[in-house]
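Each chain, letter by letter, is given below.
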Amino acid sequence: MRALVVEDNTQAAEQISHALTEHGFAVDQCHDGEEAWFIGDTEEYDIAILDIGLPKRDGLSVLSDWRRNGNKMPVIILTARDTWRERVTGLRAGADDYLIKPFEMEELLARVEALVRRSNGHASSVLSAGSLQLDTATQRATLAGTHLDLNALEYRLLAYLMNRQNQVVSKATLTEHLYQMDFEHNSNVIEVLVNRVRKKLGTTHIQTRRGQGYLLNADE
């Protein structure tokens, strides 16, 4: 899973990015509205954390243009201005949620979890595929009740596929959603990662569709 953090305060951006990384996300940062508009419009993200008060271009105009161009990624607006008019304006511009500064990081993470979950059609933080379960709140995966030892990248892969059960996901899409923007990788990096996760799950949970990509079978 991949997140975009747009915040002109670099210390705050680092704190949010660190928390999201610890919570299983690959995170990109930007610090002004012009860069935010371009990155959000050209890269694939599962969620964006967007500050309103940005240099060069304000966050609401960035969000409005994202939505105008058909970008449907969930967006949480951050602002220091606690007025109901500001919240209404943000929601009407296309925000999915709103958080007032200062905020507790645990609350931000809970809101991120909820938005990503709902955007993929899941009601619970616990995703299930037969005997396989993944708790996105605790980042704990189990197979038939036994804990699976996954590193951060393996967890992101499993979480992405479990959010899209019975959907074929291409290698290109996985690359876009599992790695940061500046990550350099070779052509078989996804195959190697999938094979590592397969060894831990067994061979039947993640199926390969030749020429198309990978599918996590919800019935296994």
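Please refer to the structure higher up on the page.
Note that the structure is a prediction, hence the values are computed from the model and not measured.

What counts, and at which threshold
Residues numbered from 1 in each chain as written. Predicted model: local features only at pLDDT ≥ 70, side-chain atom pairs only at ≥ 80, totals over all residues. Heavy atoms only, no water. Salt bridge = Lys/Arg side-chain N within 4 Å of Asp/Glu carboxyl O. Helix = DSSP H or I, 4+ residues; strand = E, 2+ residues; numbered from the N terminus. Buried < 20%, exposed > 50% of the residue type's maximum accessible area, 1.4 Å probe, protein only. Pairing = 2+ DSSP bridges. Axes fitted to C-alpha atoms, helices over the stretch in contact; angles between N-to-C directions. Contact = heavy atoms within 4.5 Å. Arc of directions from axis to C-beta.

A. Up close: the pattern of salt bridges. Tallied over the entire structure, the rule returns 14 salt bridges. Between Lys56 and Asp32 there is a salt bridge, with the nearest N and O atoms lying 3.9 Å from each other. One end of the pair, Lys56, is in the loop between β3 (47-51) and α3 (59-68); the other, Asp32, is in the loop between β2 (26-30) and α2 (33-42), with 24 residues separating them in the sequence. Linking Glu154 and Arg196 is a salt bridge whose minimum nitrogen-to-oxygen distance equals 2.9 Å. With a gap of 42 residues between them, Glu154 in helix α6 (residues 152-163) and Arg196 in helix α8 (residues 189-201) connect regions that are remote in the sequence. Assessed through its relative accessible area of 3%, Glu154 is described here as buried. A cluster of three or more residues bridged by salt bridges with shared partners is formed by Arg2, Asp28 and Glu43.

B. Main features of the environment of Lys56. Its relative accessible area of 68% is what places Lys56 among the exposed residues. On a C-alpha basis, the gap between Lys56 and His31 in space is 9.7 Å, while along the polypeptide they are 25 residues apart.

C. How the structure looks around the sheet that holds strand β9 (residues 146-147). Read across the sheet, four strands follow the order β6-β7-β8-β9 without closing on themselves; strand pairing throughout is antiparallel. The open sheet has two edge strands, β6 (126-129) and β9, and neither has a second partner. One ladder, built from four bridges, connects β6 with strand β7 (residues 132-135); its direction is antiparallel. Note that in β7 the partner of Ser128 across the bridge is Gln133.

D. Expanded view of the sheet that holds strand β4 (residues 75-79). Reading across from one edge, β2-β1-β3-β4-β5 is the order of the five strands in this open sheet, with parallel pairing throughout. In this open sheet, the two strands that pair with only one neighbour each are β2 and β5 (97-100). Adjacent strand axes in the sheet meet at a mean angle of 20 degrees when their direction is disregarded. One ladder, built from four bridges, connects β4 with β5; its direction is parallel. Its bridge partner lying in β5, Thr79 is registered against Ile100. Sitting on the sheet, helix α1 (residues 10-22) touches β1 (2-6), β2, β3 and β4, and the angle it makes with β2 is about 165 degrees.

E. Representation of helix α4 (residues 84-93) within the structure. Along α4, the residues classified as buried are Glu86, Gly90 and Ala93. Buried residues of α4, viewed axially, fall in a sector of 65 degrees; they line one side. Exposed positions of α4 whose direction lies more than 90 degrees from the buried face are Trp84, Arg85 and Arg92. Those residues of α4 hidden inside the fold are in contact with α3, β4 and β5. Gly94 lies just past α4 and shows a positive phi near 120 degrees.

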